[in-house]
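Spelled out, the chains give:
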Amino acid sequence: EASTSPNGARRPIGAYREPPLHPRVFAAKLARKIFTNGKSDCELVAKLYADTLSGALGGALHLTFAGCNWGDEELRRLTEVLPFALAAQGLYLSANSQIGEPGLAALASALRDGAAPKMSVIYLDGHAMRKADELRTVCAARGIRLAGFGLEAAASQQKNTNSKKNITSHHM
C-alpha cells in the first residue's frame, strides 16, 4: 500500500523515515567521520547541509510526516528544525501511533516559541489528541487548527456538549 501526501508524492504506508536533523546535530555526527581533505571537507559538507535544510524547509508549504512510525523522540527532533519552516502552513503527523504527551509537549513548546510562523493546520490521530491539552492551548492562541482522523467528530461532540441546547436522538 502507499499513501499520497498533499503535494501528490506517494510512499509506502508505515515506512520509517527519520526526521530531518538540525544542522548542529548533523555537523556533530559529521565531525566523527573521516574525510580525505580533513576538517575543510567536513565544514563544507556541514554548511551545504545547513543551506539545503534551510532552503527546503524554509520554502515548504506542507511538512508531511504521516505514517513514519514516529514516537516522542522523533517528534522532539522535528521540533528542533521547525524554526526553519518559515512558509509551512500544514504539518501532517497522522498514523504515528507512538507519539504521546512528551512529543506533543515539545511541539507545543516550539510553536509557542514562534516556530513555523505561518502554520495554519496540524493533522494528528485522535489518540494523540487525547494527550494534547498543552498543544491545543498553544494552537488556539496562534489560530492553528488541529485536524485529522476522529478529530472533527470529537470537536463537534465537545461543542454540542458545551452548548446550551443539546439534541439527542435515540433509536428504538
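So, how was this worked out
- Throughout, residues of each chain are indexed from 1 in the direction in which the sequence is written.
- Local features are withheld for residues below a pLDDT of 70 in this predicted model, meaning they are given only at 70 or higher, and side-chain atom pairs are given and counted only at 80 or more; totals for whole chains, interfaces and linings count all residues.
- In computing side-chain values, all of the structure's heavy atoms are included and hydrogens and water are not.
- Each residue gets one of three labels from its accessible area relative to the maximum for its type: buried under 20%, exposed over 50%, partly exposed in between, using a 1.4 Å probe on protein chains only.
- The helix and strand labels rest on DSSP assignments: H or I over at least four residues marks a helix, E over at least two residues marks a strand, and numbering proceeds from the N terminus.
- The arc in question is the one spanned by the directions pointing from the helix axis to the C-beta atoms.
- Contact between two residues is taken to exist if any of their heavy atoms lie within 4.5 Å; hydrogens are not considered.
- Charged residues are defined here as Lys and Arg on the positive side and Asp and Glu on the negative side; His and the ends of the chain fall outside this count.
- Think of a salt bridge as a Lys or Arg side-chain nitrogen and an Asp or Glu carboxyl oxygen that are within 4 Å of each other.
- Any N or O atom pair separated by 3.5 Å or less is treated as a polar contact, with the protein-specific requirement of one donor-capable and one acceptor-capable atom, and with residues adjacent in sequence counted only for side-chain atom pairs.
- pLDDT measures how confident the predictor is about each residue, on a scale from 0 to 100.
- DSSP calls a pair of strands paired once it identifies at least 2 bridges connecting them.
- In this analysis, axes come from line fits to C-alpha atoms, helices being fitted only over the stretch in contact, and the angle between any two N-to-C directions falls in the range 0 to 180 degrees.

1. Quick notes on helix α6 (residues 133–142)
Piece 1. Those residues of α6 not exposed but buried are Leu135, Val138 and Cys139. Take α6 and look down its axis: the buried residues cluster within an arc of 100°, on one side only. For α6, the exposed residues lying more than 90 degrees away from the buried face are Asp133, Thr137, Ala140 and Ala141.
Piece 2. Buried-residue contacts for α6 involve α4 (101–112), β5 (121–123) and β6 (145–147).
Piece 3. Looking one or two residues beyond α6, the residue adopting positive phi is Gly143, at roughly 75°.

2. A few points about the side chain of Asp125
Piece 1. Following the sequence through the fold, Asp125 ends up in the loop between β5 and α5 (126–129).
Piece 2. Despite its burial, Asp125 pairs with no opposite charge; the closest candidate is Arg130, at 9.1 Å N-O.
Piece 3. Here the side chain of Asp125 touches Ala95 through a polar contact of 2.7 Å, landing on its backbone nitrogen.

3. A word on the confidence of the model for the protein chain
Piece 1. Taken as a whole, the protein chain shows an average pLDDT of 82; of its residues, 78% reach a score of 70 or greater.
Piece 2. With pLDDT under 50 throughout, residues 1–7 is counted as low confidence; its partners more than four residues away or in other chains account for 17 contacts.

4. A closer look at the sheet that holds β5
Piece 1. On the basis of which strands lie adjacent, the open sheet formed by 4 strands has the order β3-β4-β5-β6 and parallel pairing. Every interior strand has two partners, whereas the edge strands, β3 (62–64) and β6, have only one. Going across the sheet, the axis of each strand differs from the next one's by a mean of 10°, ignoring polarity.
Piece 2. Pairing of strand β4 (residues 90–92) with β5, which is carried by 3 bridges, proceeds in the parallel orientation. Bridge pairing in β5 places Gly90 opposite Val121.

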